[in-house]
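Survey of secondary and tertiary structure
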Amino acid sequence: MEDPTAHWSGLTPREAIALQREAASRVVIEDDLPEVKLVAGVDVGFENRDTARAAIVVLRLEDLKPVDHAVARLPVPMPYIPGLLSFRECPVILEALSRLRRDPDLLLCDGHGIAHPRRLGVASHTGLLTGLPTIGVGKSRLTGTHGPVPEEQGGWTPLVDKDEEIGAVLRTRSGVKPLYISAGHRISLETALHYVLACTTRYRLPETTRWADGIASDRGQKWLGQLTLSPD
DNA sequence: GCGACAG
DNA sequence: ATCTTGTCGC
């Protein structure tokens, strides 16, 4: 299968923005996903200024145990520009996804979904490029405003931008900074919140993201050593 | 024109 | 994202 990001090198910011506007119109934020048995988390780390490393870990939703994983390395296409993150990360994410032996039913991405100025954060863009249902899990705000977040675990408040509900600010654990959850592709905010909580145990970040973060970082080897791939 | 600004 | 160690608190 050909690489849909093959023409991304050398894109100017304004060309990237034009591309986002067109792509955003194709994002689906209604539930259109299969029964979720396998959930995956993806994260991208940088070995240095020009090499990106993506890690994906697939977990069985039932017990949150890893059943597959993949890592990919690729040159970094362009510098980081707020709002254009997907152009930096999608290529290496697609490469890692292609190396997976088992396709997940749902993918949780590091970064926002439609909680983006043009409604096309890295989670939505990745969903569009792969056709996979995706959820945006951001650790900080890019755009939008919100009121106080309930302190109890599971509590949340809407994230709004221009009178539009673009996501939710969710307290995954009491006493920790909240997470910014938004629909990526083929999923509603309500369902996205459900799965993020279903993947969260004792930490601020869902297990999917924790695994992917660990492997994409320099401590990757330590995490890989913990991967006791559970059989089907 | 002046801030804000995922990872 | 990444540079970096110890340390305050439950």
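Just so it is clear, the model here is predicted, and its values are computed rather than measured.

For DNA strand B, the set of nearby residues contains 18 residues, the closest of which are Y80, G83, K139, S140 and R141. Among all atoms of DNA strand B positioned within 4 Å of the protein, those belonging to sugar or phosphate total 54%. In this structure, L84 approaches DNA strand B through a main-chain N or O atom, which is 3.4 Å from a base nitrogen. Between DNA strand B and H116 there is a distance of 3.5 Å, counted from a base nitrogen to a side-chain nitrogen or oxygen. If one sorts the elements of the surface near DNA strand B by residue count, helix α2 (residues 85-98) sits on top with 3 residues.

On to the UniProt feature "site: Interaction with target DNA" (unreviewed entry) in chain A. UniProt marks Y80 with the feature "site: Interaction with target DNA" (unreviewed entry), using the numbering shown here. Summarising the element assignment, Y80 is placed in the loop between β3 (65-75) and α2.

Of all hydrophobic cores here, the largest spans 30 residues; its most connected members are I56, F87, L97 and L107. Where this core is concerned, the elements lending two or more residues are β1 (38-48), β2 (51-60), β3, α2, β4 (106-110) and α3 (122-130). For F87, the contacting residues outside a window of four places in its chain are W8, L11, A16, L19, Q20, P77, M78 and H125. Formed by 29 residues, the second largest nonpolar core is a distinct cluster that contains V36, L59, C199 and L227.

This brings us to helix α1 (residues 13-24). Think of an α-helix as 3.6 residues a turn; residues three or four steps apart then line up on the same face. With 12 residues, α1 should reach 16 Å at 1.5 Å per residue; the first-to-last C-alpha distance of 16 Å fits that figure. If you check which residues of α1 are buried, you get A16, Q20, A23 and A24. Mapping the buried residues of α1 onto a view down its axis gives an arc of 95 degrees, with all of them on the same face. Seen from the open side of α1, the exposed residues pointing more than 90 degrees away from its buried face are R14 and R21.

Here we come to the side chain of R119. Positionally, R119 belongs in the loop between β4 and α3. Owing to a relative accessible area of 14%, R119 belongs among the buried residues under this scheme. At a separation of 3.2 Å, a polar atom in the side chain of R119 contacts the side chain of D161. A distance of 3.3 Å separates a polar atom in the side chain of R119 from a polar atom in the side chain of E164.

DNA strand C sits among G45, F46 and K139. In the environment of DNA strand C, a phosphate oxygen lies 3.3 Å from a nitrogen or oxygen atom belonging to the backbone of F46. Contacts to DNA strand C include K139, whose side-chain N or O atom sits 3.3 Å from a phosphate oxygen.

Positive phi outside glycine occurs at K162, with the angle close to 50 degrees. With respect to the element layout, K162 can be found in the loop between β6 (156-161) and β7 (164-170). Phi is positive for D163, which is not a glycine, with a value near 65 degrees. Mapped onto the elements of the fold, D163 is located in the loop between β6 and β7.

Another point: the pairing of strand β5 (residues 134-138). Burial runs high along β5: 5 of the 5 residues are buried. Of the two faces of β5, the one carrying T134, G136 and G138 and the one carrying I135 and V137 are both buried. One ladder, built from 5 bridges, connects β5 with strand β8 (residues 179-185); its direction is antiparallel. Across the sheet, residue I135 finds its bridge partner in β8, namely A183.

Calculation criteria
Residues numbered from 1 in each chain as written. Chains lettered and ligands numbered in written order. Predicted model: local features only at pLDDT ≥ 70, side-chain atom pairs only at ≥ 80, totals over all residues. Heavy atoms only, no water. Near = heavy atom within 4 Å. Polar contact = N/O pair within 3.5 Å; in protein donor to acceptor, adjacent residues only side chain to side chain. Helix = DSSP H or I, 4+ residues; strand = E, 2+ residues; numbered from the N terminus. UniProt positions renumbered as here; feature names shortened; annotations may be inferred. Core = buried A, V, L, I, M, F, W, Y, C linked by side-chain atoms within 4.5 Å. Buried < 20%, exposed > 50% of the residue type's maximum accessible area, 1.4 Å probe, protein only. Contact = heavy atoms within 4.5 Å. Expected span 1.5 Å × (residues − 1). Arc of directions from axis to C-beta. Pairing = 2+ DSSP bridges.

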